[in-house]
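A look at the structure
Spelled out, the chains give:
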Amino acid sequence: MTDAARHTGLIVALDTQSPEQARQWATAVDGAAGMVKLGMEFAYAAGFGPVAAIAAEREVFLDLKLHDIPNTVASAIKALSGLRPRMLTLHASGGQAMMEAARKACDEAFPAGERPVLLAVTVLTSMDEQGLAAIGVPDGTAAQVGRLGRLAVRSGMDGLVCSAHELSLLRDALGGSPVLVTPGIRPAGAQMGDQKRVMTPAQARMAGADWIVVGRPITQAANPAAAAAAIAAELAG
Ligand code: C5P
């Protein structure tokens, strides 16, 4: 992991199925965004050719949230290594063996110093206490986030994707080392969309986020370049 992975920076989520749209947005936020995020929607709709084309030109956070048996996750990471993603996600609930296999695959498949920052997702923010209880987790979100966060770090993950409201819990539990990446960010006065529990960019930075992920407040703005620049300035301020 490079030092640049640790500054508080802006990641812009390019949530679209259109390679042309993704390219336009990526160009618009050049300079303001440290990275662009491509996820399942884009990769499954557009294919990995367009992912590779974007990754050839800029730093890409590949948000595929891998979750399978250790051997399959390791093979998938090796298959993705040609894309040289800067960050890669998997589900901590896949367990220690899966995460260790993912880390080993990264260490083997990427040149030294070029492996992606491996980020674990703990509990999806779409899950509530009732949803967790239904899958056998009776003691609530905070307990599960803390438990999976500690397991992820022990298993060789570099950091976690977490909601803004989990930042202080995770910093207290894990210390300063893990990279914390936080979506659900809204500049003051922005539309909430379907995000409910949000923070502003500056609040998230103060709470301990290393990177924030912002999608629609930038991509749906009348001027995406200006919206991204304003958020980058808020983070730097
Ligand atoms: O448009 P918006 O700023 O809400 O986009 C946030 C991005 O972060 C989307 O790509 C979304 O899938 C992702 N994300 C999220 N909440 C999580 C995890 C990821 O909004 N808990």
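Here's a quick rundown of the structure.

**A word on the site of the ligand**
Residues in close proximity to the ligand include A13, D15, K37, T125, P183, R186, Q195, V213, V214, G215, R216 and P217, which together make up its full environment. A distance of 2.7 Å separates a nitrogen atom of the ligand from a polar atom in the side chain of T125. At 2.8 Å, a backbone N or O of G215 approaches an oxygen atom of the ligand. Protein chains bury 81% of the 460 Å² of accessible surface belonging to the ligand in isolation. Broken down by secondary-structure element, the contributors of at least two residues to the shell around the ligand are β8 (211–214) and α10 (216–219). Here the residues of the shell around the ligand are counted per class, giving five nonpolar, three polar and four charged.

**Here we look at the pattern of salt bridges**
The final tally for this structure, using the stated rule, is 14 salt bridges. A salt bridge links K78 to E108, with the shortest nitrogen-to-oxygen separation between them at 2.9 Å. You can see K78 sitting in helix α4 (residues 70–80) and its partner E108 sitting in helix α5 (residues 96–109), a full 30 residues away along the chain. The exposure class of K78 is partly exposed, given its relative accessible area of 40%. Linking E114 and R84 is a salt bridge whose minimum nitrogen-to-oxygen distance equals 3.3 Å. Linking E114 in the loop between α5 and β5 (117–121) with R84 in the loop between α4 and β4 (87–91), this pair joins segments that are 30 residues apart in sequence. Judged by its relative accessible area of 42%, E114 falls in the partly exposed class. Of the residues examined, R84 reaches a relative accessible area of 37% and is grouped as partly exposed. Counted as one network, the salt bridges with shared partners bring together R23, D30, E57 and R58.

**A short note on the packing of helix α7 (residues 140–154) against helix α8 (residues 167–174)**
Between α7 and α8, the shortest axis-to-axis distance is 10 Å and the interhelical angle comes to 45°. Compared by their axis directions, α7 and α8 come out oblique. Crossing of α7 against α8: the hand is right-handed. Only L169, L170, A173 and L174 of α8 make contact with α7, whose side of the interface consists of A142, V145, G146, G149, R150 and V153.

Calculation rules
Residue positions are given per chain, counting from 1 as you read along its sequence in written order. At least 70 in pLDDT is required for a residue's local features to be given in this predicted model, at least 80 for side-chain atom pairs to be given and counted, and no such filter applies to totals for whole chains, interfaces and linings, which use all residues. Excluding hydrogens and water, the side-chain figures rest on all heavy atoms present in the structure. Throughout this document, a residue counts as near a molecule or strand when at least one of its heavy atoms sits within 4 Å of that molecule or strand. Pairs of N or O atoms within 3.5 Å make up the polar contacts considered here, provided that, within protein, one atom can donate a hydrogen while the other can accept it, and that residues adjacent in sequence are counted only when both atoms are side-chain atoms. All accessible-area figures derive from a Shrake-Rupley calculation using a 1.4 Å probe, and residue coverage is judged against the displayed protein chains alone. Numbering of helices and strands runs from the N terminus, with a helix taken as a DSSP run of H or I at least four residues long and a strand as a DSSP run of E at least two residues long. Residues are grouped as follows: Ala, Val, Leu, Ile, Met, Phe, Trp, Tyr, Cys and Pro are nonpolar; Asp, Glu, Lys and Arg are charged; every other residue, Gly included, is polar. A pairing counts as a salt bridge when a side-chain nitrogen of Lys or Arg comes within 4 Å of a carboxyl oxygen of Asp or Glu. The buried label goes to any residue with under 20% of its type's maximum accessible area, the exposed label to any with over 50%, and the partly exposed label to all in between, with areas taken from a 1.4 Å probe on protein chains only. Angles shown run from 0 to 180 degrees and are taken between the N-to-C directions of axes, each axis being a line fitted to C-alpha atoms and, for helices, limited to the stretch in contact. Orientation labels follow simple angle bins: below 35 degrees gives roughly parallel, above 145 gives roughly antiparallel, 65 to 115 gives roughly perpendicular, and whatever is left gives oblique. If you view the pair so one helix is near and one far, a crossing is left-handed when the near helix is turned anticlockwise from the far one by less than a right angle, and right-handed when it is turned clockwise. In what follows, a contact means two residues having at least one pair of non-hydrogen atoms within 4.5 Å.

Purely spatial values, then, with no claim about function.
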